[in-house]
Amino acid sequence: MPTNEIEAINRKFMAKNFPDLTADTEFYHHCELINCPDAEKLRSFQEQLLFHPHFHSLKDRFVFNEENLAMIHILRSVPLKDIGELSEEQRRYYPICSKEEIQRISDAKNNADNLLHVRAFQVAKDPTLQRVMFRAMDYMGDKWNFTKYFNSPLFRRYVHYLKPDKQAVCKDVVAGFYHVKESNGSCVPTPFGNFIAISLYLKKFMYYMNLWEYGHNWGVAQEDCQAAMWLGIRTMMGSEPPDFELDPRSKLPKSIHQNLMGLVDLQLLFIIGHEYAHHYLGHLDGKTGGMAEMLKMLSGNVVPEHFKPQHQQELDADYHALINTRLGEGDLDKLTNAAFDFLLFMDIYETVRAYNDSTPEYRLEHPKPITRLYKLRERLPAGMGRPMADLEEVIARNQDIRDVLITHILGPQYEILEADGSVYLPGYHNAKLIDRLDF
Ligand SMILES: [Zn+2]
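Residues numbered from 1 in each chain as written. Predicted model: local features only at pLDDT ≥ 70, side-chain atom pairs only at ≥ 80, totals over all residues.

Enquirer: Which residues make up unusual backbone geometry, and what values go with them?
Expert: Note the cis peptide between tyrosine 94 and proline 95, where omega equals 5°. Residue position: proline 95 is located in the loop between helix H5 (88-91) and helix H6 (99-106). The residue leucine 69 is not glycine, and still its phi comes out positive at about 50°. Inspection of the secondary structure puts leucine 69 in the loop between strand E2 (62-65) and strand E3 (70-79). You can call leucine 69 partly exposed: it has 16 C-beta atoms within 10 Å. (Helix = DSSP H or I, 4+ residues; strand = E, 2+ residues; numbered from the N terminus. Buried ≥ 20, exposed ≤ 12 C-beta atoms within 10 Å, placed from the backbone.)

Okay, structure coming up:
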């Protein structure tokens, strides 16, 4: 359902069930609306609140309507006198975005403004992400800056790796992370040229998939590696709440965490390189669309037909991401293997994705990960990255896992992949926290 329709429904729901909040003349409330079809669930939450050690500071954040089985979680209340000049649409972004940033969102003059808009749009429509941002804001105090929250050195690092002629074409391209489910990266055509946006969920997906794949090398128990795979898949599906900063799923030893981050960064560099390749190979030339179309595409919804790169272009972007760097042999080998790892992880996820979606491969936005892997290996020089025989072993192992997934999980227990709540790593997790009360 389009976001503005959901908002219209939410506004109606608010006005009907919580007239006092809607009519408040002093404050604008950022709220999470919770429909509890189950009376027992609502009562149990009320009880947990009542007996919570921080009851006094928490109680005013919740408003209940028992009759209609609804509750509101007030995330932040902003004095209306502070935002009198902002429109209803602009208020959704404040104070996570500053007024200056909100002005830029409303009147984009370049792609940095467009990227800001995309980031803010994704946060404003997701109360969980809003909670993450409010927490980060409280932590940073006066130093809070929404744009800086997304800063990452990886984009510059990749451009630095590129050969000089490609570097010259890419160095001014705006690029960064944002939050979006079920997607990886996009090179987006706009009237200001292309910009690149890559999913932060993808980063989490890879973090846990690497733990699943390599954890045993660092002494991680089998059940933790297994849980990591669920976590990775659920994150990609959008079933896992995006509140990792509020409710850590695992407290891994520092050395393991660093190993994982090293692998994730390399895999992200490949994805970043893939998007830059779309840019300098001219795959999006002449494809500019409007803001609404762009937001739709970047929200993980349908990609407009004329934005879709051809499958051959996707395969070219994979190849060029690796072949156009000026990295030395050892580093290039690592980057190539990172690309293979990423595609092998996506191959596992593909089983789950395809279970509910029978779209034939030629209609998909990207060719299937396994096709990308074979084509990439085929085109790269033989000495670059793992040989085919090695990869075949992993592919065969993945096939066994995919069979188990299909026979034992997707059919009989699909709901565990979509179930509410979070997955934790049993060996690296202590206290279970209560959502909305403990974090
Ligand atoms: Zn692509």
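Having seen the structure, we can now continue with the description.
Enquirer: So, the sheet that holds strand E4 (residues 175-178): which residues are in play, and what are the values?
Expert: With respect to topology, three strands assemble into an open sheet ordered E4-E6-E5, the strand pairing being mixed. The two strands at the open ends of the sheet, each matched to only one other strand, are E4 and strand E5 (185-190). Geometrically, the sheet is characterised by an average inter-axis angle of 30° between neighbouring strands, direction not taken into account. Both E5 and strand E6 (residues 193-199) contribute to a ladder of six bridges, which runs antiparallel. Bridging from a neighbouring strand, serine 186 pairs with alanine 197 of E6. Its contacts with the sheet put helix H7 (residues 111-124) on E4, E5 and E6, and the angle it makes with E6 is roughly 30°. Across the sheet, helix H15 (residues 291-298) is in contact with E5 and E6; its angle to E5 comes to roughly 175°. (Pairing = 2+ DSSP bridges. Axes fitted to C-alpha atoms, helices over the stretch in contact; angles between N-to-C directions. Contact = placed C-beta atoms within 7 Å.)

Enquirer: Tell me what's going on with the sheet that holds E2, and back it up with residues and numbers.
Expert: Spatial ordering of the open sheet is given by E1-E3-E2, a layout of three strands whose pairing is antiparallel. At either end of the open sheet lies a strand with only one pairing partner, and these are strand E1 (27-35) and E2. Within this sheet the neighbouring strands show an average axis-to-axis angle of 30°, counted without direction. Relative to E3, E1 is paired through nine bridges, and the arrangement is antiparallel. Bridge pairing links leucine 33 to isoleucine 72 in E3. Across the face of the sheet, helix H8 (residues 127-140) comes into contact with E1 and E3 while running at roughly 40° to E3.

Enquirer: How would you sum up the packing of helix H17 (residues 329-355) against helix H19 (residues 388-410)? Please name residues and give values.
Expert: Two elements in contact, H17 and H19, have axes separated by 10 Å at closest approach and are oriented at 25°. Taken together, the axes of H17 and H19 are roughly parallel relative to one another. Handedness of the H17/H19 crossing: right-handed. Every residue of H19 that contacts H17 at Phe340, Leu344, Asp347, Ile348, Thr351, Val352 and Tyr355 is listed here: Leu391, Val394, Asn398, Ile401, Arg402, Leu405, Ile406 and Leu410. (Parallel < 35°, antiparallel > 145°, perpendicular 65-115°, else oblique. Left-handed = near helix turned anticlockwise from the far one by under 90°.)

Enquirer: Go over the domain arrangement of the protein with me, naming the residues and quoting the values.
Expert: The domain architecture assigned to the protein consists of domain 1 (1-82), domain 2 (98-149) and domain 3 (152-428). For domain 1 and domain 2, the distance between their C-alpha centres works out to 23 Å. The set of elements that each furnish at least two residues to the side of domain 1 that touches domain 2 consists of E1 and E3. Looking at the side of domain 1 that touches domain 2 residue by residue, the classes come out as one nonpolar, two polar and two charged. (Domains from an automatic or database assignment. Nonpolar A, V, L, I, M, F, W, Y, C, P; charged D, E, K, R; others polar.)

Enquirer: So what about the nonpolar core? Which residues, and what values?
Expert: Among the nonpolar cores identified, the biggest contains 82 residues, and Ala120, Ala197, Tyr208, Ala339 and Phe342 are the most heavily contacted of them. By residue number, the principal contributor to this core is helix H14 (residues 254-280), which donates twelve residues. Mapping this core onto the domain boundaries places at least three of its residues in each of domain 2 (98-149) and domain 3 (152-428). Not counting residues up to four positions away in its chain, the partners in contact with tyrosine 208 are Ala228, Met229, Leu231, Gly232 and Thr235. Among the nonpolar cores identified, the runner-up in size contains five residues, and Phe18, Ala70, Met71 and Ile72 belong to it. (Core = buried A, V, L, I, M, F, W, Y, C linked by C-beta atoms within 7 Å.)

Enquirer: Which residues make up the packing of H17 against helix H18 (residues 369-379), and what values go with them?
Expert: The packing of two helices is summarised by the inter-axis angle and the distance between the axes. One can describe the packing of H17 onto H18 by two numbers: an axis separation of 8 Å at closest approach and a directional angle of 155°. In terms of axis orientation, H17 runs roughly antiparallel to H18. Taken as a pair, H17 and H18 cross one another with a handedness that is left-handed. On H18, the residues touching Ala339, Phe340, Leu343, Leu344, Met346, Asp347 and Glu350 of H17 are Pro369, Ile370, Arg372, Leu373 and Leu376.

Enquirer: So what about H14? Which residues, and what values?
Expert: Here H14 contains 27 residues, and its C-alpha end-to-end distance of 38 Å stays within 8% of the 39 Å for a straight helix at 1.5 Å per residue. Just past H14, the residue glycine 282 takes up positive phi, approximately 75°. (Expected span 1.5 Å × (residues − 1).)

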